[in-house]
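Next come the chains, spelled out residue by residue.
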Amino acid sequence: MSVRSVCKVFIVDDHAIVREGLVRLINHEEDMEVCGAAEDALSAANLLFKIEPDVAIVDLSLGASNGLDIIKTIKARYPSVFILVLSMHEELIFAERCIRAGAAGYVMKSEKPIVIIEAIRKILKGKIYLSSRMTEYVLNKAMNAKESPDKDIVETLSDREFQVFQMIGNGFTSKQIAENLNLSVKTIDAFRESMKHKLGLKNAAELSQYAIRWSHFQDMIS
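Criteria and thresholds
- Numbering of residues begins from 1 in every chain and follows the order in which that chain's sequence is written.
- Residues qualify for local features only when their pLDDT is at least 70, as the model is predicted, and side-chain atom pairs are given and counted only at 80 or more; totals for whole chains, interfaces and linings, by contrast, use all residues.
- Working from all heavy atoms in the structure, the side-chain values ignore hydrogens and water.
- Numbering of helices and strands runs from the N terminus, with a helix taken as a DSSP run of H or I at least four residues long and a strand as a DSSP run of E at least two residues long.
- Definition of a polar contact: a pair of N or O atoms within 3.5 Å, with one able to donate and the other able to accept a hydrogen when the atoms are protein atoms, and with sequence-neighbouring residues admitted only if both atoms are side-chain atoms.
- Two strands are said to pair when DSSP picks up at least two bridges between them.
- Lines fitted to C-alpha atoms define the axes here, with helix axes fitted over just the stretch in contact, and angles between the N-to-C directions of these axes take values from 0 to 180 degrees.
- Contacts are assigned to residue pairs that have any heavy atoms within 4.5 Å of one another.
- A clockwise turn of the near helix away from the far one marks a right-handed crossing, whereas an anticlockwise turn of less than a right angle marks a left-handed crossing.
- Under the scheme applied here, ten amino acids are nonpolar (Ala, Val, Leu, Ile, Met, Phe, Trp, Tyr, Cys and Pro), four are charged (Asp, Glu, Lys and Arg), and all others, including Gly, are polar.
- Under the scheme applied here, a residue whose accessible area is under 20% of the maximum for its type counts as buried, over 50% as exposed, and between as partly exposed, the area being computed with a 1.4 Å probe on protein chains only.
- Salt bridges are identified by distance alone: a Lys or Arg side-chain nitrogen within 4 Å of an Asp or Glu carboxyl oxygen.
- We call a crossover right-handed when, viewed with both strands directed away from the observer, the connection leading from the first strand over the helix to the second proceeds clockwise.
- Stacked, tilted and edge-to-face are the three classes applied to pairs of Phe, Tyr and Trp rings, where Trp contributes its six-membered ring and a pair requires centres within 6.5 Å; stacked means planes under 30 degrees apart, edge-to-face means over 60, and tilted covers the rest.
- Roughly parallel refers to an angle under 35 degrees, roughly antiparallel to one over 145, roughly perpendicular to one between 65 and 115, and oblique to any angle outside these ranges.

Digging into the side chain of D59
Then step 1. Counting through the fold element by element, D59 comes out in the loop between β3 (55–58) and β4 (61–62).
Then step 2. There is a polar contact of 3.2 Å between the side chain of D59 and the side chain of K109.

Below is the structure:
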């Protein structure tokens, strides 16, 4: 008699109620089980080495940690682990970057619980999971790339620039950003200069205003 294969799922989320909800949801499936959980990036990295799960469900917002960095770190250290991002952030803004960073799927926390199970099953087959809305957005973007190359100039920012851009939009100073990211103020200022060039802005004030407006808009649509 063959032993049924069970998918091992690891959860990375800093909200206990979310972790507990996911545990109940996943363990209800006969072919899935939660093999561990962590509330921050460091704990996740240490536990993943011991557990070696099939799937890691990762929240993009983990205190001071950057979600894209976490995805890249997990994928670099554990390339066989499928990463499913579960986030409150708008998928039209973050999903593509997460996929490029190494994630296999993106689900918003506003979705029904069954969607998480569907996403896990799909990425286990080696496929990418995105909502139908996001899939349509990506396809339309690809089809219209030549006609509208400047559809969203924020997308031209690198992942690190995008991270700094978000923090500027949230009111952080260069010193605060440097401390948070463990970088020098000089490096942050270099990112600022690069972003001004890419976004066609003249000075630091324009960059701050642009980032704040962009941040407020994302809060409205999230």
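Having seen the model, we can carry on.
Quick look at the sheet that holds strand β7 (residues 105–108)
Then step 1. Sheet architecture is open: five strands sit in the order β2-β1-β3-β6-β7, paired in parallel fashion. Strands at the two margins of the open sheet, each flanked by one partner only, are β2 (32–38) and β7. Strand-to-strand twist in this sheet, taken as the mean axis angle between neighbours without regard to direction, amounts to 25°.
Then step 2. Of the strand pairs in this sheet, strand β6 (residues 82–87) and β7 are connected by four bridges, and their pairing is parallel. Across the sheet, L84 pairs through a bridge with G105, a residue of β7.
Then step 3. Sheet strands touched by helix α1 (residues 16–27): β1 (7–12), β2, β3 and β6. Its angle to β2, the strand with the most contacts, is close to 165°.

Brief notes about the packing of helix α4 (residues 91–101) against helix α7 (residues 159–169)
Then step 1. In contact at an axis separation of 12 Å, α4 and α7 are set at 150° when each is read in the N-to-C sense. As α4 runs across α7, the sense of the crossing is left-handed. Here I93, F94 and R97 of α4 come into contact with α7, specifically with D159, F162 and Q166.
Then step 2. Here the contact of α4 with α7 is built from residues that sort into three nonpolar, one polar and two charged.

A short note on the side chain of R97
Then step 1. By secondary structure assignment, the location of R97 is in helix α4.
Then step 2. By relative accessible area, R97 is classed as buried at 4%.
Then step 3. Residues in contact with R97, not counting those within four places in the same chain, are L68, V154, E155, L157, S158, D159 and F162.

Considering the pattern of salt bridges
Then step 1. Using the criterion set out here, one finds nine salt bridges in the structure.
Then step 2. Residues D13 and K109 are paired through a salt bridge, measuring 3.0 Å at the closest nitrogen-oxygen approach. Residue D13 is found in the loop between β1 and α1, and its partner K109 is found in the loop between β7 and α5 (113–124); the two are separated by 96 residues along the sequence.
Then step 3. Note that E29 and R121 form a salt bridge whose closest N and O atoms lie 2.8 Å from each other. Here E29 is found in the loop between α1 and β2, whereas its partner R121 is found in helix α5, with 92 residues between them in sequence.
Then step 4. Three or more residues joined by partner-sharing salt bridges are found here, namely D13, D59 and K109.

Structural notes on the pairing of β1
Then step 1. Of all the six residues making up β1, five are buried; the element is thus mostly covered by neighbouring parts of the structure.
Then step 2. Two strands pair when backbone bridges link them, and β1 and β2 are joined in this way by six bridges, in the parallel orientation. Its bridge partner lying in β2, V9 is registered against V34.
Then step 3. Taken together, β1, α1 and β2 form a β-α-β motif whose crossover is right-handed.
Then step 4. Relative to β3, β1 is paired through four bridges, and the arrangement is parallel. Along β3, the bridge assignment pairs I11 with I57.

Quick look at the packing of aromatic side chains
Then step 1. By the definition in use, this model includes four aromatic pairs.
Then step 2. Ring plane angle 55° and centroid distance 6.0 Å describe the contact between F165 and Y210, whose orientation is recorded as tilted. With F165 in helix α7 and Y210 in helix α10 (residues 204–221), this pair connects stretches of sequence that are 45 residues apart.
Then step 3. Taking relative accessible area as the criterion, Y210 reaches 22% and is therefore assigned partly exposed.
Then step 4. A connected cluster of aromatic rings, assembled from ring pairs, spans F94, F162, F165, Y210 and W214.

A closer look at the packing of α7 against helix α8 (residues 174–181)
Then step 1. Running from N to C, α7 and α8 point in directions that differ by 130°, and their axes come no closer than 10 Å. In terms of axis orientation, α7 runs oblique to α8. The element α7 and its partner α8 pack so that their crossing is right-handed. In this structure, α7 contributes R160, Q163, V164, M167 and I168 to the contact, and α8 contributes I177, N180 and L181.
Then step 2. A per-class count over the contact of α7 with α8 returns five nonpolar, two polar and one charged.

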